[in-house]
Structures are given as C-alpha cells and as structure tokens.
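# Geometric and topological summary
The chain contents come next:
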Amino acid sequence: VGGFIHTARLGKAMRTVARVSSSFVTRVRSTTARRMTTAARAASAPAHTYVDTHCHLDMVLPRLELSFEDWRASLDATAHDDGAALDACITIGCSLKSLASTAELSQKQGVYSAFGIHPLSAPEWDGAGVPERIEALCADAKCVAVGETGLDYHRISEDVDVEAYKATQRASFEAQMKLATRLDLPLIVHTREAEEDTLELMRAHLPRDARVHVHCFTSSLTLAQALLASFPKLCIGFTGVVSFKNGSDVRAVVASVPLDRILLETDSPYMAPTPYRGQVCHPGMIPRIAEAIASTHGVPVSDVYRASRENTRSVYGI
C-alpha cells in the first residue's frame, strides 16, 4: 500500500511538472514568435517616414477613384520599395467649396488640415460670415495652420480692373496674416508673379518670429533669400517641379536653400514628379521629390528626410 501511495504521488508530481514544462515551453515559443515577428517587421520597415506638408486630398481621391482607406492601403503596400513611408499629410481647404470636404478628411488618421482663402478666390473672403467660418475651422484640433493665402498675379484677365483685382487679394492676404498671428498658428503662403508685394506685405503684417510655409516655391532666388533672412522660422516648400526637365531655375533655388529650411510637399493633385508626369499626383510621390532635392544638394536622401521631418515639427508641430 505504501508503495502504491508513493507511486501515485510520484505520478501526480510528474504530471504537474509536465504541465508546468508544457506551459513554459508554450510561453517561450509565444515570446520567441512575437520577437521574431517584431524583428521581421523592423527589418522590413521603411528606413524613413515623411509628411506631405501641402496637398488637396479632396481633389486627389476623386481623381484616383479611390476611397481614403484604399489609397492608404496601396501606399502601405509599396512603402518598402520606396524605403520611405507616409506618416501624415496636411490637406488644404482654401475655397468655400473645399472647406467642408477638407474638414471631413482631416478626421482621418494621419491627416491634418489648414483653412484659408486662396488668392484666386480672394473675393470669397468678403462673403458674409466667411472670416468667422475660417476661424471656427482653425479651432479644430486637427487644424495646424491658416492658409493657403497670398498673392497670385499670373494671367490676370484683360477684362478686369487690374488694380482692384490686386487690392482684393492684398486685403484678403493681410486679414489672414493677422488671423494667423492672433491664433498663433503657422501661415501658408502662395505667391506667384507677385514678389515685391508679397515680401512687402509679409514684412508689414507678420512678426519676425512667425512660423511660415511659403509653399510650391517657383519664384526667384532673390525672393527666397529675402524671405529666409526676414523670417528665421520660415521654411520653403518644393514640389515635383524640382524633378522636371525644365525645372532648372527651381533647382538653382533649391541648391541655395539650406536643408534645415526646406519642406517636402506635392501640392497634389498637381505637378506629379518625374517619372510620373501626366499622372494624378498624390502624397505617396514625395520620395521622388526628396530624391531630386538630395541630388540637387549632393547629399544622401536620408539627409533630406531627416531635415524635412524636423522642419515639419518646427513649423507645424507634427
């Protein structure tokens, strides 16, 4: 009887050990599997992330005929090939018809917004309740800037009063500079063929320490240098134009702007970079722009990603 009891106790103990051993092995295998999965993800993760600091998603997605979710999934699937992944983008609402769609898209993960009235839509600023609506939209947690606003004197129609046309743009620009200053938000500036007036108004209505993004820059080196000297927290955004065969003038400006003052942007759906000319531009094309800027500066593309990422944090807090 004593031997039976001893054998029974031994058997119970062995079964307990077996259960503990089995549980331990399972935990080890599970932990090892998790570590291997994490390591595999880390090994396959793109080396860099980027922010498209200026796009118009409300126009991009319909032209691509994709939902936001399907578009993001397509970017995630190809990020490894580019060695860089889209972290976030800033979509711009700058006309009355784009405000609601921009506000809706900005609630998506990784999407931020800016609101203002574009110089080509400047008469809208004087509409009933428009300044108040813009200010209310700027109060949203996902809104990171006022704009885009500025001056655009390109191709003024012959049948308009030129001075009145310019005065309307200037008034809208001044009001939005004051709004950005009062709200302590960055300002997004659009300037085209209006260099002297742009610089004069910015110097007159912005504090020297204003955070400014002069976007889609295609103006002169003289203006770029004056802006950088006048506003130490100002950065200049370059688009796919820097990769164009006929973009030598823009590349000359890029070469003279320090990396710590450059922002990456597409201004999509326009100006798709080489080799995508003729296609619908979208934020996933930023790697081609980064490569063109790196080539122009003669530095590794990693330097461009690193500097522009820090610049985005400095200007937009993203």
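All of the points below concern the structure found in this document. Note on numbering: residues in each chain are counted from 1, in written sequence order. Residues qualify for local features only when their pLDDT is at least 70, as the model is predicted, and side-chain atom pairs are given and counted only at 80 or more; totals for whole chains, interfaces and linings, by contrast, use all residues. In computing side-chain values, all of the structure's heavy atoms are included and hydrogens and water are not.

### What to know about the side chain of Thr-266
Helix numbers and strand numbers start at the N terminus; a helix is a DSSP run of H or I with at least 4 residues, a strand a run of E with at least 2. Tracing the backbone through its elements, the reader meets Thr-266 in the loop between strand E8 (262-264) and helix H10 (286-297). A 1.4 Å probe rolled over the protein chains alone gives each residue an accessible area, and that area as a share of the maximum for its type sets the label: buried under 20%, exposed over 50%, partly exposed in between. Taking the relative accessible area as the measure of exposure, Thr-266 reaches 0% and is therefore buried. Residues adjacent in sequence count toward polar contacts only when both atoms are side-chain atoms; beyond that, a polar contact is any pair of N or O atoms within 3.5 Å, and within protein one must be able to donate a hydrogen and the other to accept it. Only 2.5 Å separates the side chain of Thr-266 from the side chain of Asp-52, close enough to count as a polar contact. Residue contacts for Thr-266: discarding those within four places in its chain leaves Asp-52, His-54, Cys-55, Thr-239, Met-271, Cys-281, His-282, Pro-283, Ile-286 and Ile-289. By the convention used here, residues are in contact when the closest approach between their heavy atoms is within 4.5 Å.

### A few points about the packing of aromatic side chains
Only Phe, Tyr and Trp rings are paired, with Trp represented by its six-membered ring, and only when their centres lie within 6.5 Å; those with planes under 30 degrees apart are stacked, over 60 edge-to-face, the remainder tilted. Applying the stated criterion across every chain, the model contains 3 aromatic pairs. With 6.3 Å between their ring centres and 25 degrees between their planes, Tyr-50 and Tyr-305 make a pair best called stacked. One end of the pair, Tyr-50, is in strand E1 (residues 48-55); the other, Tyr-305, is in helix H11 (residues 301-316), with 255 residues separating them in the sequence. Each ring, one from Phe-217 and one from Phe-238, has its centre 6.3 Å from the other, and the planes form 75 degrees; the classification is edge-to-face.

### Quick look at the pattern of salt bridges
Salt bridges are defined as contacts in which a side-chain nitrogen from Lys or Arg sits within 4 Å of a carboxyl oxygen from Asp or Glu. Tallying each qualifying case throughout the model produces 9 salt bridges. The salt bridge partner of Lys-108 is Glu-69, with a shortest N-O separation of 2.9 Å. Of this pair, Lys-108 sits in the loop between helix H4 (96-105) and strand E3 (111-115) while Glu-69 sits in helix H3 (residues 68-82), and the two are 39 residues apart along the sequence. Close ionic contact of Asp-303 with Arg-306 constitutes a salt bridge, the shortest N to O distance being 2.7 Å. Remark: Arg-306 and Asp-303 occur in helix H11; sequence separation between them is 3 residues, near one turn of the helix. Classification of Asp-303 by relative accessible area gives partly exposed; the value is 25%.

### Re H4
Within H4, burial applies to Ser-98, Leu-99, Thr-102 and Leu-105. All buried residues of H4 project into a common sector of 140 degrees when viewed along the axis, lining one side. Across from the buried face of H4, at angles greater than 90 degrees, the exposed residues are Lys-97 and Glu-104. Buried-residue contacts for H4 involve helix H2 (57-64), strand E2 (84-93), E3 and helix H5 (130-138). In this description, one arc is meant: the one made by directions from the helix axis to the C-beta atoms.

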